[in-house]
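If you want the building blocks of each chain, they are given just below.
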Amino acid sequence: GDEFSIANAGGVAYYDSVIYAISDNPGAVLRFKASDGTPLNGWTVSYRTGDVDVDTTGHVFVSHKIEAMFSVYDTDGTELTGSPFGVAGWHLNRGLSVTQDGSKVFLADESSDVIAMYTGSISGTVADYTQGTDFMTGLSNPSACEIDPNGRMWISNTGSNELIIV
């Protein structure tokens, strides 16, 4: 296969024949045509990126690597009104997963050893999310999380060298 040089590559997501990938430091969301890897227009961000996911309507969710936060964009890279969400301040935060309908966002917060959960919605160009009860606590450096088509959460619990399926 083909290789691309990406500075500090992070998460990867797929939506509508486009691969989204993130580059950290400087932060950027990169886009590629899935069929042949042709680079498409991406965008830069003003924070270090941790992970990326896309809901079924094409909204792009990007976690902030060193804050317990995430931002929401349309497919052209315009940040939605109300974004970002979460708590500023030092938190090592890499993993992010979004339900298909975009109603729940999960962040793997390595500093707090939790999978934080946010609930909300997007209407037009406005996003509104509120932090709820943590999805899972008592973890050891969770570095990634993903929701499968059956609604199960897969968690990379790095500090304990285990993969948890909930």
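Keep in mind that what you see is a predicted model, and the values were worked out from it rather than measured. (Residues numbered from 1 in each chain as written. Predicted model: local features only at pLDDT ≥ 70, side-chain atom pairs only at ≥ 80, totals over all residues. Heavy atoms only, no water.)

1. Regarding the environment of Asn 157
The test is simple: Secondary structure counts use DSSP, requiring at least four H or I residues in a row for a helix and at least two E residues in a row for a strand, with both numbered from the N terminus. Here, two residues are considered to be in contact whenever any of their heavy atoms come within 4.5 Å of each other.
With respect to the secondary-structure elements, Asn 157 resides in strand E14 (residues 153–157). Along the primary structure Asn 157 and Asp 53 are separated by 104 residues, whereas in three dimensions their C-alpha atoms are 19 Å apart. The residues touching Asn 157, leaving out its near neighbours within four places in the chain, are Leu 139, Ser 140, Asn 141, Pro 142, Glu 162 and Ile 164.

2. Side note on the layout of surface pockets
Short version of the rule: Cavities and pockets were defined on a 1 Å grid built from protein atoms only: a cavity is a group of points that admits a 1.4 Å probe but offers it no way out, a pocket is an open group of points flanked by protein on both sides within 12 Å along at least five of seven lines, and a lining residue is one with an atom within 4 Å of any such point. Grid points are joined across faces, edges and corners, and a volume is the space filled by probe spheres set on the points. Residues were grouped as follows: Ala, Val, Leu, Ile, Met, Phe, Trp, Tyr, Cys and Pro as nonpolar; Asp, Glu, Lys and Arg as charged; and all remaining residues, including Gly, as polar.
Reported here for the largest pocket is a volume of approximately 270 Å³. Taken together, 15 residues make up the lining of the largest pocket; nearest its centre are Val 54, Val 98, Thr 99, Gln 100 and Ile 147. Listing elements by their share of the lining of the largest pocket, those giving two or more residues are strand E1 (9–15), strand E5 (49–54) and strand E13 (142–147). Counted by class, the lining of the largest pocket contains six nonpolar, four polar and five charged residues.

3. A few points about the pattern of salt bridges
Keep this limit in mind: What makes a salt bridge here is a side-chain nitrogen of Lys or Arg within 4 Å of a carboxyl oxygen of Asp or Glu, nothing more. Per-residue accessibility, obtained with a 1.4 Å probe over protein chains only, is compared with the maximum for each type, and a residue is labelled buried under 20%, exposed over 50%, and partly exposed between these values.
Taken as a whole and judged by the stated rule, the model has three salt bridges. A salt bridge links Asp 148 to Arg 152, with the shortest nitrogen-to-oxygen separation between them at 2.7 Å. Under the relative-accessibility criterion, Arg 152 is labelled partly exposed at 37%. Salt bridges linked by common partners bring Asp 24, Arg 48 and Lys 65 together as one network.

4. Regarding the sheet that holds strand E11 (residues 114–123)
What counts is decided by this rule: Criterion used throughout: strands pair if DSSP finds at least two bridges between them. The angle between two axes is taken between their N-to-C directions and runs from 0 to 180 degrees, where each axis is a line fitted to C-alpha atoms and a helix contributes only its stretch in contact.
Pairing is antiparallel across the open sheet formed by four strands, whose spatial order is E9-E10-E11-E12. Both outer strands of the open sheet, strand E9 (93–98) and strand E12 (126–131), are each paired with one neighbouring strand and no more. With direction set aside, neighbouring strand axes in the sheet form an average angle of 25°.

5. Things to note about the environment of Gly 50
Relative to the elements of secondary structure, Gly 50 occurs in strand E5. Judged by relative accessible area, which is 12%, Gly 50 ranks as buried. As for Gly 50 and Asp 24, which are separated by 26 residues in sequence, their C-alpha atoms are 7.3 Å apart. When near neighbours in sequence (up to four residues on either side) are disregarded, Gly 50 contacts Gly 11, Ile 22, Ser 63, His 64, Lys 65, Asn 93 and Arg 94.

6. Points about the packing of aromatic side chains
This is how it is decided: Classification of ring pairs uses Phe, Tyr and Trp, with its six-membered ring standing for Trp, and accepts pairs whose centres are within 6.5 Å; under 30 degrees between planes counts as stacked, over 60 as edge-to-face, and the remaining range as tilted.
According to the stated counting rule, one finds eight aromatic pairs in the structure shown. Between Trp 43 and Tyr 73, the aromatic rings sit 5.5 Å apart at their centres with planes inclined by 45°, giving tilted as the arrangement. Of this pair, Trp 43 sits in strand E4 (residues 39–44) while Tyr 73 sits in strand E7 (residues 68–73), and the two are 30 residues apart along the sequence. For the pair formed by Trp 43 and Tyr 73, the shared burial category is buried. Seen from their ring centres, Phe 85 and Tyr 129 are 5.4 Å apart, and the 70° between their planes marks the pair as edge-to-face. Here Tyr 129 lies in strand E12 and Phe 85 lies in strand E8 (residues 85–87), a separation of 44 residues in the sequence. With a relative accessible area of 8%, Phe 85 lands in the buried category.

7. Here we look at the sheet that holds E13
Ordered by their spatial adjacency, three strands build an open sheet running E13-E14-E15, and the pairing between neighbours is antiparallel. Each edge of the open sheet carries a strand with a single partner, namely E13 and strand E15 (162–165). Taking the axes of each pair of neighbouring strands and ignoring which way they run, one obtains an average angle of 15° across the sheet. Both E14 and E15 contribute to a ladder of four bridges, which runs antiparallel. Looking across to E15, one finds that Ile 155 is bridged to Ile 164.

Keep in mind these numbers describe shape, not what the thing actually does.
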